[in-house]
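So the chains spell out like this:
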There are 2 protein chains.
Amino acid sequence: MSKASDLKEMGLKATGPRLKILNLFETSEQRHLTAEEVYRILVEEHTDIGLATVYRVLTQFEQAGLLVRHHFESGKAVFELNQGGHHDHLVCVKCGKVEEFFDPEIELRQDAIAKKHQFQIQDHAMYLYGLCHDCQQSRIGSR
Amino acid sequence: MSKASDLKEMGLKATGPRLKILNLFETSEQRHLTAEEVYRILVEEHTDIGLATVYRVLTQFEQAGLLVRHHFESGKAVFELNQGGHHDHLVCVKCGKVEEFFDPEIELRQDAIAKKHQFQIQDHAMYLYGLCHDCQQSRIGSR
DNA sequence: ATCTTTGCAAAGAATTTGCATAGCT
DNA sequence: AGCTATGCAAATTCTTTGCAAAGAT
């Protein structure tokens, strides 16, 4: 019942679609999912939830701080569970794999830069795009 | 005639629309422009160029390495002149102002991280979102 | 003259919204 | 019961494409 009460605390009723989508993020081995991917997984699981609902729920969860929305260079929004700590991303442009990292040195430099520019930072993101280890081997179109 | 020959070198004919769009990026005080903004400026300048052409030319210029395309969190693509040196961005979430910076220390850390994760980096981007100096004063919705 | 580019309108992809029905509490 | 959430289809927003007419070399 913890999930249900989590939702209620943020003014969201504990409905089937919401619980399922939240559960999906908590159990999927892929931490980073697009709306379409969430939808497709739900459909495959015989769980019929409309795509519009997926979009609505993802947005609500983002506003509630449960999920974080990212904009990789694909044009589609990608969501991941907000587990507190900030981190940045390595994105494989070939297979789509995403790895996370956190570098305190970079964070410090960011703060210093913001101060120098008199910017009051609210959020920040860093993306490194390239080929992951696996995709460096077979250079010609695997995937 | 330099601009025209620049274009020809990359296999693009030196047409009016292309020269005008290139010139716009070279002279506008706003370095970062969306396709719509380019289109709007051209329309205001009595220069009638179709929106589709703006999109096509921007994409061609990006592929030719003349422009760089960014995806800030807005959902719209933003273009800027490629002047060689890589740099990152501070983006004001209130007024939209964009400031650029380059930090060698951060670049070094990024390389180290990529190596550790065995990623072969092709591109990278860092965005700091927040309030610029001007927008910190009047906290309640200017613009 | 030939091959490229443009404009317009239509098509597409991602996401949002209106509204009647179904679901929580 | 009463108010919120969902599903579906239509609407939006950003961007791309097809095709005939105009432009560049």
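Residues numbered from 1 in each chain as written. Chains lettered and ligands numbered in written order. Predicted model: local features only at pLDDT ≥ 70, side-chain atom pairs only at ≥ 80, totals over all residues. Heavy atoms only, no water.

In the annotation of an unreviewed UniProt entry, chain A is listed under the name Ferric uptake regulation protein and assigned to Chitinimonas lacunae. In its Subcellular location (unreviewed entry) section, UniProt records this for chain A: "Cytoplasm". Per its UniProt entry, chain A bears the Subunit (unreviewed entry) comment "Homodimer." (UniProt positions renumbered as here; feature names shortened; annotations may be inferred.)

Attention shifts here to the relation of the copies chain B and chain A. It takes a turn of 180 degrees to lay chain B on chain A, together with a shift of 0.0 Å along the axis; the resulting RMSD is 0.1 Å. Both copies of the chain, as the preceding transformation shows, are related through a two-fold rotation axis. Identified as the residue of chain B closest to the rotation axis by C-alpha distance is M126 of chain B, at 2.1 Å. Interface overlap between copies is the fraction of interface residues in one copy that are interface residues in the other; for chain B against chain A it reaches 100%, indicating a shared surface. (Least-squares fit on C-alpha atoms with pLDDT ≥ 70 in both. Contact = heavy atoms within 4.5 Å.)

Let's shift gears to the sheet that holds strand 3 (residues 77-81) of chain B. Residue and element names in this part refer to chain B. With respect to topology, 3 strands assemble into an open sheet ordered 1-3-2, the strand pairing being antiparallel. This sheet does not close on itself; its edge strands, each paired only once, are strand 1 (33-34) and strand 2 (67-71). As paired elements, strand 1 and strand 3 share 2 bridges and run antiparallel to each other. Looking at strand 3, one finds that T34 is bridged to V78. Set on the sheet, helix 2 (residues 16-27) makes contact with strand 1, strand 2 and strand 3; between it and strand 3 the angle comes to about 80 degrees. The strands touched by helix 4 (residues 51-63) within the sheet are strand 2 and strand 3, with strand 2 carrying the most contacts at an inclination of about 110 degrees. (Pairing = 2+ DSSP bridges. Helix = DSSP H or I, 4+ residues; strand = E, 2+ residues; numbered from the N terminus. Axes fitted to C-alpha atoms, helices over the stretch in contact; angles between N-to-C directions.)

Before going further, it helps to examine the interface of chain B and chain A. Every contact between the two is made by 36 residues of chain B and, on the other side, 36 residues of chain A. Regarding the contact of chain B and chain A, the summed buried area is about 3,300 Å², with carbon and sulfur atoms giving 60% of it. Where chain B packs against chain A, one counts 2 salt bridges. Its salt-bridge partner being R109 of chain A, residue D103 of chain B comes within 2.3 Å of it at the nearest N-O pair. For the side of chain B that touches chain A, the secondary-structure elements that each account for two or more residues are strand 4 (88-92), strand 5 (98-101), helix 5 (104-116), strand 6 (120-131) and helix 6 (133-137) of chain B. (Buried area = accessible area lost by both parts, 1.4 Å probe. Salt bridge = Lys/Arg side-chain N within 4 Å of Asp/Glu carboxyl O.)

Residue and element names in this part refer to chain B. Within strand 4, 5 of the 5 residues are buried, leaving the element largely enclosed by the surrounding structure. By the alternation rule, side chains of strand 4 split into D88, L90 and C92 and H89 and V91, which are all buried. Examined bridge by bridge, strand 4 and strand 6 share 4 bridges and lie parallel to one another. Residue L90 lies in a different strand from strand 6, and its bridge partner there is L128. (Buried < 20%, exposed > 50% of the residue type's maximum accessible area, 1.4 Å probe, protein only.)

Let us now look at unusual backbone geometry. Residues and elements named next belong to chain B. The phi angle at H46 is positive, at roughly 60 degrees, despite the residue not being glycine. One can find H46 in the loop between helix 3 (35-44) and helix 4. Its relative accessible area of 71% is what places H46 among the exposed residues. Positive phi, normally seen in glycine, also occurs at Q118, with a value near 55 degrees. Locating Q118 in the fold gives a position in the loop between helix 5 and strand 6. Residue Q118 is classed as partly exposed on the basis of its relative accessible area of 44%.

Moving on, we get to the protein's contact with DNA strand D. If you check the shell around DNA strand D, you find 21 residues, and the closest are R18, T53 and R56 of chain A together with Y55 and K76 of chain B. Among the atoms of DNA strand D close to the protein, meaning within 4 Å, 66% are from sugar or phosphate groups. At a separation of 2.4 Å, a phosphate oxygen of DNA strand D approaches a polar side-chain atom of R18 of chain A. One of the side-chain nitrogen or oxygen atoms of R56 of chain B is found 3.2 Å away from a base oxygen of DNA strand D. At the level of secondary structure, the elements contributing two or more residues to the surface near DNA strand D comprise helix 2 (16-27) and helix 4 (51-63) of chain A together with helix 4 of chain B. (Near = heavy atom within 4 Å. Polar contact = N/O pair within 3.5 Å; in protein donor to acceptor, adjacent residues only side chain to side chain.)

Let us now look at the protein's contact with DNA strand C. DNA strand C sits among 21 residues. The nearest are Y55 and K76 of chain A together with R18, T53 and R56 of chain B. The protein-proximal atoms of DNA strand C, defined as those within 4 Å of the protein, are 65% sugar or phosphate. Residue Y55 of chain A places a side-chain N or O atom 2.6 Å away from a phosphate oxygen belonging to DNA strand C. One of the side-chain nitrogen or oxygen atoms of T53 of chain B is found 2.6 Å away from a phosphate oxygen of DNA strand C. Of all the secondary-structure elements, those providing two or more residues to the surface near DNA strand C are helix 4 of chain A together with helix 2 and helix 4 of chain B. With 4 residues, helix 4 of chain A is the largest single contributor of residues to the surface near DNA strand C.

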